[in-house]
Amino acid sequence: MPRIYSSDLRERVIIAVEQEGLSRREAARRYRVSASTAVKWLDRYHRTGRCEARPVGGDRRSRLPAHRDWILAAVAAEPELTLHKLAERLAATHGVRADAGMLSRFLRRHGISFKEKRAAQRAAAS
């Protein structure tokens, strides 16, 4: 995880570029940060007028429980549905973005596992 730089350092880099006329790379060299970091700080400063770090962490609760009934009905109606296709349908229907891992964890909590079957096993008589 990248290190969070102080607001003071961010301000000094921005002032060096805006008031002292240094290039972004020169300011980065002076304050010993990477050139890409200085470029990103200045871009954000020009877009928002702020130099503080963005918040880190926060609430990462799943949005899937609100769509529990729809997801379980979709899986019950179409057992061969892949997690990627389920994610696409969820996004198209409800506007909720979910990746395969998120859906897999959600379905496991509800007692459903997605194990791929080889073509020979699917075609075999029951």
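Residues numbered from 1 in each chain as written. Predicted model: local features only at pLDDT ≥ 70, side-chain atom pairs only at ≥ 80, totals over all residues. Heavy atoms only, no water.

1. Some points on the overall build of the protein
Scanning the protein from N- to C-terminus turns up 7 helices and 0 strands. Relative to its 126 residues, the protein shows a buried fraction of 25%. The long-range share in the protein, meaning contacts at least 24 apart out of those at least 6 apart in sequence, stands at 50%. Of the roughly 9,700 Å² that the protein leaves accessible, carbon and sulfur atoms contribute 48%. (Helix = DSSP H or I, 4+ residues; strand = E, 2+ residues; numbered from the N terminus. Buried < 20%, exposed > 50% of the residue type's maximum accessible area, 1.4 Å probe, protein only. Contact = heavy atoms within 4.5 Å. Areas by Shrake-Rupley, 256 points an atom, 1.4 Å probe, with all protein chains shown as cover.)

2. Section: the pattern of salt bridges
In this structure the tally under the stated criterion is 6 salt bridges. With its nearest N and O atoms 2.8 Å apart, the salt bridge here joins Asp-43 to Arg-24. Taken as a pair, Asp-43 in helix α3 (residues 35-48) and Arg-24 in helix α2 (residues 24-31) lie far apart in primary sequence, 19 residues in all. Residue Asp-43 is classed as partly exposed on the basis of its relative accessible area of 34%. Judged by relative accessible area, Arg-24 falls into the partly exposed class, the value being 23%. We note a salt bridge from Glu-78 to Arg-89, for which the minimum N-O separation is 2.8 Å. Pair noted here: Glu-78 is in the loop between α4 (68-77) and α5 (83-94) and Arg-89 is in helix α5, with a separation of 11 residues, a long-range link. Looking at Arg-89, the relative accessible area reads 35%, which means it is partly exposed. (Salt bridge = Lys/Arg side-chain N within 4 Å of Asp/Glu carboxyl O.)

3. A closer look at the environment of His-94
Examined against the element boundaries, His-94 turns out to sit in helix α5. For His-94, the contacting residues outside a window of four places in its chain are His-67, Trp-70 and Arg-89.

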